[in-house]
Amino acid sequence: MSKDLVPFWEKLYQEKDNVSFSNNPNTTITEFEHLINNPARILEAGCGEGQNAIYLAGQGHLVDAFDLSEYGIAKLKHRCELANTKVNAFVADLTTYQFEQYYDMIICFGTLCFVAKNEWKKFLNNAKKYTNIGGIHIIQIFTDAVPASEDIAPFAVGLAEDGELKESYLDWEILQFKSYVFEDEHPNVPKHLHASNKIVAKRVK
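Each value, and the rule that gives it
Residues numbered from 1 in each chain as written. Predicted model: local features only at pLDDT ≥ 70, side-chain atom pairs only at ≥ 80, totals over all residues. Heavy atoms only, no water. Helix = DSSP H or I, 4+ residues; strand = E, 2+ residues; numbered from the N terminus. Expected span 1.5 Å × (residues − 1). Buried < 20%, exposed > 50% of the residue type's maximum accessible area, 1.4 Å probe, protein only. Arc of directions from axis to C-beta. Contact = heavy atoms within 4.5 Å. Salt bridge = Lys/Arg side-chain N within 4 Å of Asp/Glu carboxyl O.

Caption draft 1: Looking closely at helix α5 (residues 117-129). With 13 residues, α5 should reach 18 Å at 1.5 Å per residue; the first-to-last C-alpha distance of 19 Å fits that figure. When we look at burial in α5, the residues that qualify are Trp120, Phe123, Leu124, Ala127 and Lys128. Taken down its axis, α5 places every buried residue within 135° of arc, on the same side. Residues Asn118 and Lys129 are exposed on α5 and point more than 90 degrees away from its buried face. The inward-facing, buried residues of α5 abut β1 (41-45), β2 (62-67), β4 (103-109), β5 (131-142) and α6 (164-167).

Next up, the structure:
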């Protein structure tokens, strides 16, 4: 992959008045947040510009959030200031991230496929170890059920096989699993399709 290739979101993160993905949290978060105590300690991996982290912090939770993008973290902090909300946001690499505490909820949306498959599996295994009993994971990953769209193809080095994410949680209680294809679009990016798996799972022992 050329060093000159830059994903569209990295450019959009530098535009304070332009939202790359959404102003609203992922609907699966709002569907399942009742399962955690308030305040809960939450980690978001690959938080981007922070719509999920900011929402959860606004609900009274203690939120750590990291992303590889310095621009993404800077934008998240700016959005926190606007919302008068506190998120412990920092730059980190998913492949080298070291857990320092246990969490009640760990979330990750649309990020894992951008590292090699062995790396995202290693991250999930570590995340499971550092989740409290009764804690929840909400994880979404792009799959190879349809070809990677042009906007992510150069970067999607770890696309999952359909159902592969579910296999990582067979020792947990699976509360929801979805396999689906959806249409997506972003500023200055044409409409396109993504194949996705999403899981909500609870640590029971």
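Caption draft 2: Geometry of the pattern of salt bridges. A full pass over the atoms with the stated rule returns six salt bridges. In this structure, Arg41 engages Asp64 in a salt bridge whose closest nitrogen and oxygen atoms are separated by 3.7 Å. Remark: Asp64 occurs in strand β2 and Arg41 occurs in strand β1; sequence separation between them is 23 residues. A salt bridge links Lys75 to Glu49; the nearest nitrogen and oxygen atoms lie 3.0 Å apart. With Lys75 in helix α4 (residues 70-83) and Glu49 in the loop between β1 and α3 (51-58), the pair connects residues that are 26 residues apart, well separated along the chain. Note on Lys75: relative accessible area 5%, which makes it buried. Judged by its relative accessible area of 1%, Glu49 falls in the buried class.

As far as function goes, none of this settles anything; it's purely spatial.
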